[in-house]
Amino acid sequence: MTDSGRTTQRRVLDAVQRLGLWQPGDTVCLAVSGGVDSMVLMHLMHRTQRAHGAQLSVVSIDHGLRAESGREVGMVEAAAIALNLPFHAVRLNLRPGPNLAERAREARQNALRDRRTDWIATGHHRDDQAETVLYHLLRGSGMRGLMGMQVKSGPWVRPLLFEPRAALQQWAEANGVEWSEDPSNPGSQRGTLRELMPRLDAVHGGASRALARSARLLASEDAWVEALVDDEWAALVDDSGLDRVALASRHPALQLRLLRRLVASTRVRAEPLESVVSGALMQGGRLDLGGGLVMVCSGGRLKVEAP
């Protein structure tokens with residue numbers, strides 16, 4: 001995916017066009033934090049705009065957690081204006097406390113979804129993908145977690161996902177692109193995983209490339225499995241819920257997929273769903289899923305209820 005015989009600019013443009021990340025005339029909002037990856041994203045998309053045909057705009061988000069973040073947003077604004085790109089700043093005013101990283105991510109994504117745009121482009125790259133796969137592996141995730149980020153999912157597009165961080169930084173240096181380093185990164189979960197990658201390379205060279213390749217292979221297999229789930233969903237689910245007896249006759253992996261689709265929430269832990277696969281609720285009853293959700297079996301049908 002990263003043919004060294006082509007320039008970074010050419011590879012990224014090829015990815016946009018070959019994978020159909022958007023069509024000419026679509027509106028694309030570039031999420032730019034000021035880091036090297038998102039700054040390169042902005043400059044590359046501007047340079048190749050005539051070829052990919054998107055109507056570009058730039059959004060930069062100040063989480064309100066660091067004194068420097070306002071200056072970083074100002075740097076992004078100045079760069080966007082210099083490129084004659086429409087710019088919008090968002091301040092979230094988050095407060096320190098439990099689950100800060102998760103709260104910041106959700107607030108950031110919600111703010112970006114509020115933009116009136118066809119697509120939201122982020123600067124995630126191949127090293128980010130490797131770190132994401134490693135993080136989900138440590139959490140004990142299944143295929144859905146280990147396939148990492150997708151180049152296109154919902155309104156999100158990631159044109160740089162096949163590019164290594166080193167190539168993006170080299171391009172930035174060669175083209176005079178300024179960026180800022182987030183001082184919170186080294187102490188974060190992501191920063192800790194980033195520090196592990198050189199050690200993994202010592203065990204097996206090209207660890208980040210291999211992890212990213214695993215994610216691509218799993219994504220392809222996941223698409224095939226989801227087609228099977230579509231067929232089973234049509235056979236086992238109606239307005240009254242999911243057929244509990246028929247569900248038990250399916251392969252455990254397929255049962256878990258169907259249950260996850262029934263729940264339709266990533267907040268639910270795997271354990272309660274696995275207990276259903278193991279035989280819970282066969283005779284009816286209620287099962288607390290956490291997150292305010294309850295699975296109910298009545299009349300041989302499974303449903304999910306929320307307060």
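For the structure itself, look to the data block above.
Residues numbered from 1 in each chain as written. Predicted model: local features only at pLDDT ≥ 70, side-chain atom pairs only at ≥ 80, totals over all residues. Heavy atoms only, no water.

### Regarding the side chain of glutamate 232
Tracing the chain through its elements places glutamate 232 in helix α10 (residues 207-236). Beyond its immediate chain neighbours, meaning those up to four positions away, glutamate 232 contacts Arg250, Leu254 and Leu258. (Helix = DSSP H or I, 4+ residues; strand = E, 2+ residues; numbered from the N terminus. Contact = heavy atoms within 4.5 Å.)

### Concerning the environment of glycine 206
Considering the arrangement of structural elements, one finds glycine 206 in the loop between α9 (189-203) and α10. On the accessibility criterion, glycine 206 (23% relative accessible area) is partly exposed. As for glycine 206 and glutamate 305, which are separated by 99 residues in sequence, their C-alpha atoms are 46 Å apart. (Buried < 20%, exposed > 50% of the residue type's maximum accessible area, 1.4 Å probe, protein only.)

### Notes on the sheet that holds strand β3 (residues 87-91)
Overall, mixed pairing links the six strands, which are arranged β3-β2-β1-β4-β6-β5 in an open sheet. Each edge of the open sheet carries a strand with a single partner, namely β3 and β5 (152-153). Contacts from helix α2 (residues 36-47) reach β1 (27-31), β2 (55-62) and β4 (119-121) within the one sheet, and its direction differs from that of β1 by about 150°. (Pairing = 2+ DSSP bridges. Axes fitted to C-alpha atoms, helices over the stretch in contact; angles between N-to-C directions.)

### Digging into the side chain of glutamine 129
Along the chain, glutamine 129 falls in helix α6 (residues 126-138). Given the relative accessible area of 4%, glutamine 129 is considered buried. If near-sequence neighbours (up to four positions away) are discounted, glutamine 129 is found in contact with Met147, Gly148, Met149, Leu161, Ala212 and Ala215.

### Details of α6
The end-to-end C-alpha separation of α6 is 19 Å, in line with the 18 Å expected for 13 residues at 1.5 Å each. Counting buried positions along α6 gives 10 out of 13 residues, so the element sits mostly inside the fold. Of all the positions in α6, only Arg126, Asp127, Asp128, Gln129, Ala130, Glu131, Thr132, Val133, Leu134 and His136 are classed as buried. Where α6 is buried, its residues contact α2, α7 (143-146), α8 (165-174), α9 and α10. Just past α6, the residue glycine 140 takes up positive phi, approximately 80°. (Expected span 1.5 Å × (residues − 1).)

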